[in-house]
Structures are given as structure tokens and as C-alpha cells.
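# Coordinate inspection notes
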Amino acid sequence: MRKRIVAGNWKMNMELTEGIALAKDINNHFSASPLKDNCEVILCTPFIHLSSVSSALTVSGLSVGAQNCNDHKSGAYTGEVSAAMIRSAGALNVILGHSERRTLYGEDDSLLAAKTTEALRNGLRVIFCCGEVLAEREKGIHFDVVKRHLEKGLFMLNREEFSKCIIAYEPVWAIGTGVTASPAQAQEMHHFIRGLVEKQYSKQVAEETTILYGGSCKASNAAELFANADVDGGLIGGASLMKDEFCNIVNAL
Ligand code: PGA
């Protein structure tokens, strides 16, 4: 059975003490009411929190992730953080290809492919984001855009490497806007993505791939999104910064 996952993307929020406090609250919650066997929660924090938040999480099913990594192994890249450093801080996951990285920092498909390869080489699990902007959906090319993101950023991996990746479909028009994709829109795209994975790898790999939805997902709409056959959880931005809201989203799994 494929994993069902809720990942919080804290983005550039939370000073260190606030982040540790939030992580401890979340840890306490799942210590009192444990996650089901096939469910996981990932906290994707700023780099500076990784080590402390990793130590704060003691409950099984909870792990930490970064939100980016460099594509090089090490060296003269001032201000950058490598996949090996992230892993050494106790994190097991990394988000790559988030639309904010693609748009604000100009990360393109080939850079993301290199980052993905480097992350996997260092034992990180990759949460790979894809998704169209509003104009692309209005033009009816949203399936083409998502297909390109996956083909260029992920499908160069062999089957074994790919099995260490989680896909997050995040329509850019839904991120931080309060406008959520309808359950039908999410299911339609997730089904399409699973079909692409089947074509590239196999039916078995497709069935085992976790595909998350992201974009204004909150406690009040999580259950109807997660109820869809191909929606295996969520990547949560704003709502991951509030303990009760976040834990209620996880409960919807
Ligand atoms: P949001 O962000 O939940 O605040 O819309 C989701 C994301 O960017 O991952």
C-alpha cells in the first residue's frame, strides 16, 4: 500500500525558537494520538531549523525535510547548502521544484534534474513539485506543463531512484491564494500524473507512488481532497504554521 503523507512547507517563516516550539507541539500531538501505519508527517523547515527540529521529533512517522538544496557536492558556492549537509543535520527529505524556486530564483528543469540526482545520491527522499500557472490552465495546456516538469526533472531517474521520490501537484494559482483546486480538478491531474508514471516505469511503480496535492489546502477542505483515489495527502504551506490546523489536516488522512 502506498504511503499517505502530509508535508508542511514552512517556507521562510518561524524564527528558531518558534519553530522548535511548533515542532514539539506537533510531536506531542502525535505521541498522544499515533499516526496510522501507512501515514507520515514531514516538516519541511528552513535550513537553520533542520538539526533542532530533527532532535525534537521522537514519534515514529514524523520526519524533517529541507525546502531546497544545491546541485553540487561541495565547494565555493557562497551561501548554498548541499544535500549531504542536509542529511547530516538529520533531515530525510527535501522539497525540489517548488514554484517559488522556479519563479523567484529562476530554477529550470535541468537544474532541478541535477538537484534531484544530488539529493538522491545523498540518501534524501525528494518531494518533487510540479504545476501550472493560471494562464496555462486557461489556455488548456496544464497537462502539457505538468508532463514537461516530470519528464525533464524526474523521469531521467531509473526505477529504483524514482521509488525514493514523492510527487506534489501544486497548481500555482492555488498557492497562497485561498483558491483551492476543486477535488475533481485535483483528482483529474493526479490520475494523469499516475498514468505518466505508469508509462515511464510500470503499473506497480505508479501504484506505489505517493502524489500529494498542494495549494491552499486547509483543515476545512483536506478531507474532500484526500478522499480522491489518486490524492495521497498534501503539501501544506500557510496552514502548516498552526499546530491545530496542521494536525487536523493530518487527521483528514
Ligand atoms: P499554501 O502553499 O498551502 O500556503 O497555498 C502550498 C505550498 O506552496 O507548498
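The coordinates are above.
Here's what I pulled together on the structure shown here. All of these numbers come straight from a predicted model, not from anything done at the bench.

Calculation notes
Residues numbered from 1 in each chain as written. Predicted model: local features only at pLDDT ≥ 70, side-chain atom pairs only at ≥ 80, totals over all residues. Heavy atoms only, no water. 1 Å grid on protein atoms, 1.4 Å probe; cavity = no way out; pocket = protein on both sides within 12 Å on 5 of 7 lines; lining within 4 Å. Points joined across faces, edges and corners; volume = space filled by probe spheres on them. Helix = DSSP H or I, 4+ residues; strand = E, 2+ residues; numbered from the N terminus. Nonpolar A, V, L, I, M, F, W, Y, C, P; charged D, E, K, R; others polar.

This paragraph deals with the layout of surface pockets. Within this model, the largest pocket holds a volume of roughly 410 Å³. Lining the largest pocket we find 14 residues, and of these Lys11, Met12, Gln67, Arg101 and Tyr105 sit closest to its centre. At 3 residues, the largest contribution of residues to the lining of the largest pocket is made by helix 4 (residues 99-104). Residue composition of the lining of the largest pocket, by class: 6 nonpolar, 5 polar and 3 charged. What the second largest pocket holds in volume is close to 280 Å³. Lining of the second largest pocket is provided by 15 residues; of these, Ser163, Cys165, Glu208, Thr209 and Thr210 occupy positions nearest its centre. Only strand 6 (165-169) and helix 10 (203-208) provide two or more residues apiece to the lining of the second largest pocket. Counting residues per element, the lining of the second largest pocket draws most heavily on helix 10, at 3 residues.

Per the stated rule, a full pass over the model turns up 1 cavity of 30 Å³ or more. When its volume is computed, the largest cavity comes out at roughly 30 Å³. Along its surface, the largest cavity is lined by Gly97, His98, Ser99, Arg102, Cys129, Cys130, Gly131 and Glu170. Contributing elements (two or more residues each) for the lining of the largest cavity: helix 4 and strand 5 (125-130). A per-class count over the lining of the largest cavity returns 2 nonpolar, 4 polar and 2 charged.

That is the geometry; function is a separate question.
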